[in-house]
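Descriptive structure summary
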Amino acid sequence: MKTLIRNALLVTMNQQDDVIENGSIVITGDTLTYIGPAEWTPPGPFDRTIEGDRRIAMPGMVNAHCHSPANLVRGLFASRPLEIWRAYYRASLRDMRDEDFYASALLGGMEMLKNGATTVLDHFFGNQACRFMGAGAAIQAMRDLGLRHVVALTLSDKNYEETIPLNETAANLTDEMKRMSASEAKATQAWLDDCEEFIDAFHYPDKLTTCCPGPSAVQRCSDELLRGAAEIARKRKLPMHIHLAETKAQAVMGKKLYGTSLLQHLASLHILAPNLSLAHSIWIEPGDIELFAKSGATPVHNPASNLRIGSGLAPVRDFLSSGVRVALGTDGAASNDGQNMFDALRLVALIHNQAGTDFNHWVTPSQALATATSNGARAFGLEAGVLAPGKLADLVLLRRDTAAFTPLNDVMSQLVFCENGRSVDTVIVNGEVVVAGGRLKKLDEQEILHLAAKTRARLSPAFERAMAAAKTIEPALEEMYFEIFRTA
Ligand SMILES: [Zn+2]
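This one's a predicted model, so the numbers in the text were calculated from it and none came from an experiment.

What follows covers the pairing of strand β10 (residues 240–244). With 5 of 5 residues buried, β10 lies mostly within the body of the structure. Relative to strand β11 (residues 276–280), β10 runs parallel, the two sharing 5 bridges. Within β11, the residue paired with H243 across the bridge is A279.

Written as structure tokens, this is what we have:
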């Protein structure tokens, strides 16, 4: 199948940031084979011609961190620090089953595709009562939508109370803390075996699926588990994904456990490498930025989530000025509360412009767009995120007759600061049109919304029980939070 897209404004995101005013694109199968001026388009015949109508073509965005089970609880939780918020979110997963994970992933995947994301990293933690915690159902949903996905299976072999800096008085375990440990911890080797079986069962790039290990966070895993996970990724040439230093409590716990920063601990285990991406990377130490730069590992910035649950401001300006390639994510809808990458793109370009800082290092539109496209693709080993011959045919066509692009002054700047997803017209993943005229092509949008609402309604009694259980540990976590910020 050979497709020609003609007469479009191309925002290539190649190394020179080339923008081609009257360009065309040729797609052969799943690959881009020509990107350039319309007048040099190679001769046909073409099986399909898409009139660009002077639309804007950009690489499909890569949502580099989210949790697909969270889509059913968007808007449900109060804004609270992560440790408190997480007790509620984790409890909400306890009664979910495969069909619920399917419905949740469909809902979030639909929102991503319709807003110009073509790849997502799903750091999957569901329910251990299901095979692979329900990740297979989420994968099915993303295949059904036609959304490229990297699924990092969450691994964690420590009891909950060993992973947070609770003080002595709070360490009298309540039933809920015991439940959290029971739902999160499992023997190290059992996790590693599960991870290998999961990859064997689902890793299938031709069906848009990359599978990889996703240790939950440094402090939530034994060294043996971290090493074992990295070995699986190395042996199979896969990426690896982990949460890093999202809150001050986590950094404090790292110091308590290892005497170093969490990142330095990973470095000491020889795990830092270009295939490793680390969600958040907020509470790091100055020397850590150099570790990122030297190793080629990728911090993944999730601005909406970080603001919603008050985690802190990642040192994105310092990362970028040190040559660290930052990727961008929405994080799960439990802490965002949407899955729209244009929201994340706008935030990354706005929130780091802080008074008194060197404005020469504020995030530029080009840097922001790279976080949302090429940097994420590179972190996951995908030939995507750039419009260039040889890359995967994952791209977005946006209308120009919208408020966001009228008048058209600077296309890259307007993609970042003005667009919100409403101009998205056509989305192509792996050479296949999956959104046309702003609507999903492969599935019925009303049916997805109906399924999600019905699933949420059925889970209501379970959610209410979960919220009441989580509430019992909130006082101990609140005490911990204030204690951490009282002391240095
Ligand atoms: Zn996360």
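The rest of the description comes next.
Around the zinc ion, the donor atoms from the protein are H65 (NE2), H67 (NE2) and H243 (NE2), and they sit 2.1 to 2.2 Å away. Taken in chain order, the donor set of the zinc ion reads H-x1-H-x175-H. Placement of the pair is H65 in strand β6 (residues 61–66) and H243 in strand β10, with a sequence separation of 178 residues. Just as H65 is buried, H243 falls in that class too.

Attention now moves to helix α3 (residues 135–145). Counting buried residues along α3, 9 of its 11 residues qualify, which places the element largely inside the surrounding structure. Residues of α3 that are buried include every one of A135, G136, A137, A138, I139, A141, M142, R143 and L145, and no others. With its phi angle positive at about 85 degrees, G146 sits one or two positions after the end of α3.

On to the nonpolar core, then. Within the largest apolar cluster, 145 residues are counted, with the highest numbers of intra-cluster contacts made by F198 and L244. Setting aside anything within four residues of it in sequence, one finds F198 in contact with F132, A135, I139, V151, L153, H203 and C211. One finds A393, L395, L397 and I428 within the second-largest nonpolar core, a separate group that totals 16 residues.

Moving on: the sheet that holds strand β13 (residues 327–328). Backbone hydrogen bonds hold the strands of a sheet together, and the pairing may be parallel or antiparallel. Overall, parallel pairing links the 4 strands, which are arranged β10-β11-β12-β13 in an open sheet. Each edge of the sheet is formed by a strand with only one pairing partner; in this case those strands are β10 and β13.

So, on to the side chain of T163. If you trace the backbone, T163 turns up in the loop between β8 (148–155) and α4 (175–184). Side-chain polar atoms of T163 contact the backbone oxygen of Y160, separated by 2.5 Å. With residues near it in sequence (within four places) discarded, T163 still touches K158, Q219, R220 and M253.

Rules used throughout
- Residues numbered from 1 in each chain as written.
- Predicted model: local features only at pLDDT ≥ 70, side-chain atom pairs only at ≥ 80, totals over all residues.
- Heavy atoms only, no water.
- Buried < 20%, exposed > 50% of the residue type's maximum accessible area, 1.4 Å probe, protein only.
- Helix = DSSP H or I, 4+ residues; strand = E, 2+ residues; numbered from the N terminus.
- Pairing = 2+ DSSP bridges.
- Donors = N, O, S within 2.8 Å, 3.2 Å for Na, K, Ca; no water.
- Core = buried A, V, L, I, M, F, W, Y, C linked by side-chain atoms within 4.5 Å.
- Contact = heavy atoms within 4.5 Å.
- Polar contact = N/O pair within 3.5 Å; in protein donor to acceptor, adjacent residues only side chain to side chain.

In short, shape yes, function no, at least from these values alone.
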